[in-house]
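Residue-level structure breakdown
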Amino acid sequence: MTPRIVLVTGVGGHLGGHLAARLAADPSIERVLGVDTVGPHRSVGEVIAGTGRAEFVRADIRNPLIARVITSAEVDTVVHASLTANPPGPARRSAVKEMNVIGAMQLLAACQRAPSVRKLVVKSTAAVYGAGARLPAVLTEDDPPRELSSSGYAKDAVEVEGYVRGFARRRPDVDVTVVRLTNLIGPRVDTVLTRYFALPVVPTVLGYDPRLQLLHSEDALAILERAVTNPVSGVFNAGGDGVLLLSQAIRRAGRIPFPVPRAAMPTAGRLLRGARVVDFSPDHVHYLNHGRVVDTTRLRTVFGFTPRWTTRQAFDDYVHGSGLRPVIDPSVIERLERAVAGTR
Amino acid sequence: MKVTRVQQAQVIPLDRGDRQRKPAQEGPAVEPTPIRPTPAVEPATGLRGAVADALGFARRRLTGDYTVDQFGFDPDLTETLLLPPLRAVYRKWFRVEVTGAENLPATGGALVVSNHSGTLPWDALMTAVAVKDNRDRYLRMLGADLVFQTPLLGALARKSGQTLACNPDAEQLLRSGELVGVWPEGFKGIGKPFADRYKLQRFGRGGFVSAALRTGVPIVPCSIVGAEEIYPKIGDLKPLARLLGLPYFPITPLFPLLGPLGAIPLPSKWHIHFGPPVPTAEYAADDDPMLLFTLTDQIRETIQQTLYRMLNQRGNPFLG
């Protein structure tokens, strides 16, 4: 089935907005409806206005109005891209949770009532697997999602995925695709990790060196776009190839690690949160403790997409593209090496 | 054609910067060329070469210019920093003698199954050195979750190529053609009292056999003699162990009597024997629990018999 009328939620965000713009540029798609409570970014807005096929609907997905939008426009494909699992900056927990969970419930309820809906794409997060010493090193789609902490955003994603499964049971005629994205990185995207690595002194958990798997934001966009047009449905992990250790990533970015004992990590997190720099949710602390790597075989073989950036390339692209000035300049280290070794 | 043109035109705000940054599309397996140029160090020999090597290693560490695999294995670090001191212990302290190394396949996956003893897992470390030095392959060991929960130790274990002893990890490693080492007796084996030395404990629930069956790799039984004598465990402070969250708190003739000095292992003479591989490829599937038990018992019996034979041939535990 080729999508004709697509509704994208969360167009106020980076992924949602650019996804709507990309879909609007696809001539096979008749109409793209972007929904959010805040308007899309100016650059995206211009593109959307230019194509004439896309329009922005200022609506809250928690409002039953969304059902009327879907039915009256005869939407056949719904892309739920507004799930916030890793808010970059300090945000009000309750508000985000309300948006995540109640919003998804309302949207799914509206989709269930709309006979025109044939496909649902949900942007989820690999955080649903949790993180810990007792988990397998490489997680596959068959590993069960687990609730990590009662307050974290990963719990929202686990709950939303549960509602999506319920929806898929009640509407077996709708193709449901869930993509579990690993942490995004890239020069233009604002995520908890891009802010984290921009700190001159990066707090780490003493004695732990987690493995990080990253996904370039452009790859994430391409995956979501493909999920809309791809006839294949199911649950897919999405992440770049390879891993970086946190210590390695810090060195590649030229930052200085600041190991904090695990017990003191929540306090350090609260300080950074209070300074409005970066959000240190309990989930994020857990992630810095154990890291998370997912298996992307299904993405490559079944879904048919190979990320263009490996984890390391994506990270380097972020470091160079966002103009991060290294605190420790690698060229100084190289000069030092040459001077001592006397090779030049 | 039209589609691509329009798409490019549309993504201008996104793509403009990317055009130059896009990595060459060589496929995902290829690591990118390092963005920072590698300094041209001419190959030098002798002391200068050693200094240059050390400096090169230091630079790679400081700039993060090295590769780790999905499990966090860091060959650069293992080769340069972790193996040399272990090798010294291997050669000078335990004077390890290896037989049957030819039973380890030169390529492809295999599961090395061994007896566990010695209170602290020196036997695992020495087996890793034996495999590396005799077959030039890294032994990817499966460790208990206690290891990965412990700060520093957990990170170090991952960097040296170990991972959690669970079937998904073991199967993924075996499938990708790695040599995987497992000590199925676990804490029951390593923490057994000195009186029970060289008596194999229960081999877990046979999870290691199921991993080998599913991936069709051979099982190499490995028998280690000498590790039982390094810390003769004559007592166990159970309440203290419970308090510290450890499986046991050993009392040896020297520990805790001599404090940290008591943690130095006694210099016993070691023998490591790798037995002929047991093929598993001919069995169809692993959904037959009886097959699992039979194979587990067969491997266990092989190792036990080899241990008895090696013990008979051994003279003094410390002189060999």
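In this text, all values refer to a predicted model and were calculated from it rather than measured experimentally.

With respect to the overall build of chain A
- Assigned secondary structure in chain A consists of 13 helices and 14 strands.
- A compact globule built from 344 residues should have a C-alpha radius of gyration of about 20 Å, and chain A, at 21 Å, falls within 12% of that.
- If one aligns the C-alpha atoms of chain A with their principal axes, the spans along those axes are about 75 × 40 × 40 Å.
- Among the 344 residues that make up chain A, the fraction classed as buried is 54%.
- Long-range pairs, those at least 24 residues apart, make up 82% of the contacts in chain A between residues at least 6 apart in sequence.

Remarks on the overall build of chain B
- Each helix and strand counted, chain B has 13 helices and 9 strands in total.
- Burial statistics for chain B: of 320 residues in total, 36% are counted as buried.
- Partitioning the intrachain contacts of chain B with sequence separation of at least 6 by distance along the chain shows that 75% fall at a separation of at least 24.

Points about the sheet that holds strand E12 (residues 244-245) of chain A
Residues and elements named next belong to chain A.
- Strand order in the open sheet formed by 3 strands is E12-E9-E14, with mixed pairing between adjacent strands. The open sheet has two edge strands, E12 and strand E14 (291-292), and neither has a second partner.
- Pairing geometry for strand E9 (residues 211-212) and E12, over 2 bridges, is antiparallel. When the sheet's bridge partners are listed, Arg211 is paired in E12 with Leu245.

Some details on the confidence of the model for chain B
All names here are of chain B.
- With 85% of its residues at a pLDDT of at least 70, chain B reaches an overall mean of 86.
- The low-confidence segment residues 1-34, where pLDDT is below 50, has 34 contacts with residues more than four positions distant or belonging to other chains.
- In the model output, the complex is listed with pTM 0.87 alongside ipTM 0.87.

Considerations on the UniProt feature "domain: Phospholipid/glycerol acyltransferase" (unreviewed entry) in chain B
- When the UniProt feature table is mapped onto this chain numbering, "domain: Phospholipid/glycerol acyltransferase" (unreviewed entry) sits at residues 110-227 of chain B.
- Helix makes up 42% of residues 110-227 of chain B and strand 19%, and the two end C-alpha atoms of the span are 23 Å apart.

What to know about the environment of Lys92 of chain B
- Take Lys92 of chain B: it is sitting in helix H5 (residues 75-93).
- In sequence terms Lys92 of chain B and Pro267 of chain B are 175 residues apart; their C-alpha atoms lie 9.1 Å from each other.

Considerations on helix H11 (residues 207-215) of chain B
Residues and elements named next belong to chain B.
- Taken across its 9 residues, H11 has 7 buried, putting it largely inside the fold.
- Residues of H11 that are buried: Phe208, Val209, Ser210, Ala211, Ala212, Leu213 and Thr215.
- Here the buried face of H11 lies against strand E2 (110-114), helix H9 (167-175), strand E5 (179-182), strand E6 (219-225) and helix H13 (289-313).

Observations concerning unusual backbone geometry
All names here are of chain B.
- The step from Phe255 to Pro256 runs through a cis peptide bond, and the omega angle for that step is 0°.
- By secondary structure assignment, the location of Pro256 is in the loop between strand E8 (250-251) and strand E9 (271-274).
- Its identity as a non-glycine residue notwithstanding, Thr119 has a phi of 65°, on the positive side.
- Relative to the assigned elements, Thr119 resides in the loop between E2 and helix H6 (122-135).
- The exposure class of Thr119 is buried, given the 21 C-beta atoms found within 10 Å.
- Not every positive phi belongs to a glycine, and Leu152 is a case in point at roughly 65°.
- Looking at where Leu152 falls in the secondary structure, it is placed in the loop between helix H7 (145-149) and helix H8 (153-159).
- For Leu152, a count of 11 C-beta atoms within 10 Å puts it in the exposed group.

Quick look at the nonpolar core
- Judged by nonpolar contacts, the single largest core of 157 residues is most densely connected at Val8, Ala20, Val79, Cys111 and Leu224 of chain A together with Leu111 of chain B.
- Those residues within four positions of Leu224 of chain A in sequence are excluded, and the remaining contacts are Leu15, Leu19, Val79, Ala81, Val121, Lys123 and Val179 of chain A.

Points about helix H1 (residues 14-24) of chain A
- Counting buried positions along H1 of chain A yields 11 of 11 residues, so the element is predominantly enclosed.
- If you check which residues of H1 of chain A are buried, you get His14, Leu15, Gly16, Gly17, His18, Leu19, Ala20, Ala21, Arg22, Leu23 and Ala24 of chain A.

Concerning the sheet that holds strand E2 (residues 31-36) of chain A
Residues and elements named next belong to chain A.
- Across the sheet, 7 strands lie side by side as E3-E2-E1-E4-E5-E6-E11; this open sheet has parallel pairing. At either margin of the open sheet sits one strand with a lone partner, and together these are strand E3 (54-58) and strand E11 (234-238). Each adjacent strand pair in this sheet contributes to an overall mean axis angle of 15°, direction not counted.
- Bridge count for strand E5 (residues 119-125) against strand E6 (residues 175-181) is 7 bridges, and the pairing is parallel.

Quick word on the packing of helix H13 (residues 330-341) of chain A against helix H4 (residues 46-63) of chain B
- One can describe the packing of H13 of chain A onto H4 of chain B by two numbers: an axis separation of 10 Å at closest approach and a directional angle of 175°. Considering the angle they form, H13 of chain A stands roughly antiparallel to H4 of chain B. Within the contact between the two elements, H13 of chain A uses Pro330, Ile333, Glu334, Glu337, Val340 and Ala341 of chain A and H4 of chain B uses Val51, Ala52, Leu55, Arg59, Leu62 and Thr63 of chain B.
- Of the residues belonging to the contact of H13 of chain A with H4 of chain B, the class tally is 8 nonpolar, 1 polar and 3 charged.

Conventions used here
- Residues numbered from 1 in each chain as written.
- Chains lettered and ligands numbered in written order.
- Predicted model: local features only at pLDDT ≥ 70, side-chain atom pairs only at ≥ 80, totals over all residues.
- Helix = DSSP H or I, 4+ residues; strand = E, 2+ residues; numbered from the N terminus.
- Rg over C-alpha atoms; globule rule 2.2 N^0.38 Å.
- Buried ≥ 20, exposed ≤ 12 C-beta atoms within 10 Å, placed from the backbone.
- Contact = placed C-beta atoms within 7 Å.
- Pairing = 2+ DSSP bridges.
- pLDDT = per-residue confidence, 0-100.
- UniProt positions renumbered as here; feature names shortened; annotations may be inferred.
- Core = buried A, V, L, I, M, F, W, Y, C linked by C-beta atoms within 7 Å.
- Axes fitted to C-alpha atoms, helices over the stretch in contact; angles between N-to-C directions.
- Parallel < 35°, antiparallel > 145°, perpendicular 65-115°, else oblique.
- Nonpolar A, V, L, I, M, F, W, Y, C, P; charged D, E, K, R; others polar.

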